[in-house]
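Here is what each chain is made of, one letter per residue.
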Amino acid sequence: MGVLLIYDGECGFCVRWAHWIAARLPAGVRVEPWQSMDLEEQGLSEREAQAAVWWIDGKGAGARRARGAEAIGRGLVAAGGFWSVVGRLIVHPPLCCLARPAYALIAANRHRMPGPRRGAS
């Protein structure tokens with residue numbers, strides 16, 4: 001049973017966040033861009049992977065999947081310490097009701113967010 005965080009490797013903001021969270025996650029949690037993996041193996045379509053970050057805990061039909069704000073929250077919980085508290089707030093009411101639209105707004109405008117641009121070194 002493995003844990004996997006899937007993000008958009010062509011989005012500068014997403015790459016920046018993925019590197020930040022990867023440095024804080026425990027060993028055994030993989031952080032991978034969707035462009036470099038077999039999405040079908042993870043039970044995702046390209047459209048789903050393009051639309052949001054994903055947290056997948058386990059494999060096959062029994063895997064637990066979270067997308068968007070909930071995936072971010074689960075990553076923060078796994079990071080531990082202070083970030084665990086923030087993550088729990090994000091995934092539970094009442095803040096999850098704010099986190100979901102906030103995530104959608106950020107995702108829709110991620111090309112405007114800070115981070116390295118595709119092809120930049």
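Residues numbered from 1 in each chain as written. Predicted model: local features only at pLDDT ≥ 70, side-chain atom pairs only at ≥ 80, totals over all residues. Heavy atoms only, no water.

A.B. asks: I would appreciate a short explanation of the overall build of the chain in the present structure.
C.D. replies: Summing up its helical and strand segments, the chain has five helices and four strands in all. Mapped from its N terminus to its C terminus, the chain presents α and β elements in the order β-α-β-α-β-β-α-α-α. What you see for the chain is a C-alpha radius of gyration of 14 Å, in line with the 14 Å of a compact globule of 121 residues. Principal axes of the C-alpha set define a box for the chain whose edges measure 35 × 30 × 25 Å. Out of the 121 residues in the chain, the part that is buried amounts to 40%. Partitioning the contacts of the chain with sequence separation of at least 6, the portion at a separation of at least 24 is 54%. With the model as given, the accessible surface of the chain reaches about 7200 Å², and the carbon-plus-sulfur share is 58%. Separation of charge centres in the chain, based on 15 positive and 10 negative side chains, amounts to 9 Å. (Helix = DSSP H or I, 4+ residues; strand = E, 2+ residues; numbered from the N terminus. Rg over C-alpha atoms; globule rule 2.2 N^0.38 Å. Buried < 20%, exposed > 50% of the residue type's maximum accessible area, 1.4 Å probe, protein only. Contact = heavy atoms within 4.5 Å. Areas by Shrake-Rupley, 256 points an atom, 1.4 Å probe, with all protein chains shown as cover. Lys, Arg positive; Asp, Glu negative; His and termini not counted. Charge placed at Lys NZ, Arg CZ, Asp CG, Glu CD.)

A.B. asks: Explain the side chain of glutamine 42 here, please?
C.D. replies: Note on placement: glutamine 42 falls in the loop between strand S2 (29–33) and helix H2 (46–51). Taking relative accessible area as the criterion, glutamine 42 reaches 9% and is therefore assigned buried. Setting aside residues up to four positions removed in sequence, glutamine 42 forms contacts with Leu4, Ile6, Met37, Ile56 and Arg65.

A.B. asks: Even after reading the chapter, I still don't get the side chain of serine 84, so can you show me in this structure?
C.D. replies: When you line up the elements, serine 84 lands in helix H4 (residues 81–91). What makes serine 84 buried here is its relative accessible area of 11%. When near neighbours in sequence (up to four residues on either side) are disregarded, serine 84 contacts Leu76 and Val77.

A.B. asks: How do you make sense of the pattern of salt bridges when you look at a structure like this?
C.D. replies: Proximity of charged atoms lets side chains of opposite charge pair with each other. On inspection of all chains with the given rule, the structure shows four salt bridges. Between aspartate 57 and arginine 64 there is a salt bridge, and its shortest N-O distance comes to 2.9 Å. In this structure aspartate 57 comes out as buried when scored by relative accessible area, which is 13%. Note that glutamate 70 and arginine 74 form a salt bridge whose closest N and O atoms lie 2.6 Å from each other. Of this pair, glutamate 70 and arginine 74 both sit in helix H3 (residues 69–79), four residues apart, roughly one helical turn. Given a relative accessible area of 34%, arginine 74 falls into the partly exposed group. (Salt bridge = Lys/Arg side-chain N within 4 Å of Asp/Glu carboxyl O.)

A.B. asks: What is the right way to look at the environment of glycine 60 in this model?
C.D. replies: Inspection of the secondary structure puts glycine 60 in the loop between strand S3 (54–57) and strand S4 (64–67). When its relative accessible area of 46% is taken as the criterion, glycine 60 is described as partly exposed.

Without other data, these values stay purely geometric and don't point to any function.
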